[in-house]
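The chain contents come next:
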Amino acid sequence: MHGGEDGMLSVKVRNLENGEQGWLNIPSSYQTIREFFSGIGEGEDAGYEIADIEMEEPVLKKHLTGKSIRRENGPEELHFLKQRMEGFTGPERETFLAALEIEKPHTIMEIVNLSCNLDKFSLYPGACDEEKLGEYLLDNSEDSPEELAAVLDYGLTGENYAKEHMGCFSGSGYIFRNGKPLEEIYNGKQCPDPAYDSGAVLMAQIKKNGSGGRSKIL
């Protein structure tokens, strides 16, 4: 491990101009960050990328590795994401990781913004695989029992639904975009408060047999 201290993560940054690279601890002081980038080479044409990162969460690591990192704001963005992950509840953490898989963000700035848009994703609770997803959908369908009899195949129903919708299975259920547009909370200049709350993660509301829908705040 390169981090050394508890609560610190380490990132290997590569200078794309000269190939020089090194490990930077997050968080670090402004002076340490300046010295680090000076050490691997600076210049007008210098660009930097995350060559590797030490963290326990494989999904976030996958989406951060290979991303461009800005000398000015990159370390601050990584520190924000570290604090954000530490402050998430279990359902929030699952929703964020599912959102990464669904949206496949191209930049660290997009990942920061995605972490502040969890209310744009909803959950079918308990639908942790295709079989359970099909069961959830059919059990909450507005169709009559006679109409359902012809399609009462939970696995096939869940498989077809997952193919047709942008979503991701998690330990809590099936997570998907709920139609609300993503908002730009972070414009690349100053990171939001790590405790930023975009609103609760919502379970999906489904009508059954014409009755009122059900919703629950996680």
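Quick word on the sheet that holds strand 3 (residues 48-54)
And then number 1: Strand order in the open sheet formed by three strands is 2-1-3, with antiparallel pairing between adjacent strands. Either end of the sheet is taken by a strand with one partner, and the two such strands are strand 2 (21-26) and strand 3. Within this sheet the neighbouring strands show an average axis-to-axis angle of 30°, counted without direction.
And then number 2: Pairing analysis gives six bridges linking strand 1 (residues 9-15) to strand 3, with the strands arranged antiparallel. When the sheet's bridge partners are listed, S10 is paired in strand 3 with E54.
And then number 3: Set on the sheet, helix 1 (residues 30-39) makes contact with strand 1, strand 2 and strand 3; between it and strand 2 the angle comes to about 170°.
And then number 4: Most of the contacts of helix 3 (residues 74-87) go to strand 2, to which it runs at about 45°, and overall it touches strand 1, strand 2 and strand 3.

Details of helix 4 (residues 90-103)
And then number 1: For helix 4, with 14 residues, the first-to-last C-alpha span of 20 Å sits near the 20 Å given by 1.5 Å per residue.
And then number 2: Listed in full, the buried residues belonging to helix 4 are T95, F96, L97, A98, A99, L100 and I102.
And then number 3: Buried positions along helix 4 lie against helix 2 (58-64), helix 3, helix 5 (108-115), strand 4 (121-125), strand 5 (167-169) and strand 6 (173-177).
And then number 4: Directly after helix 4, the chain includes K104, whose backbone phi takes a positive value near 50°.

Thresholds applied
- Residues numbered from 1 in each chain as written.
- Predicted model: local features only at pLDDT ≥ 70, side-chain atom pairs only at ≥ 80, totals over all residues.
- Heavy atoms only, no water.
- Pairing = 2+ DSSP bridges.
- Helix = DSSP H or I, 4+ residues; strand = E, 2+ residues; numbered from the N terminus.
- Axes fitted to C-alpha atoms, helices over the stretch in contact; angles between N-to-C directions.
- Contact = heavy atoms within 4.5 Å.
- Expected span 1.5 Å × (residues − 1).
- Buried < 20%, exposed > 50% of the residue type's maximum accessible area, 1.4 Å probe, protein only.

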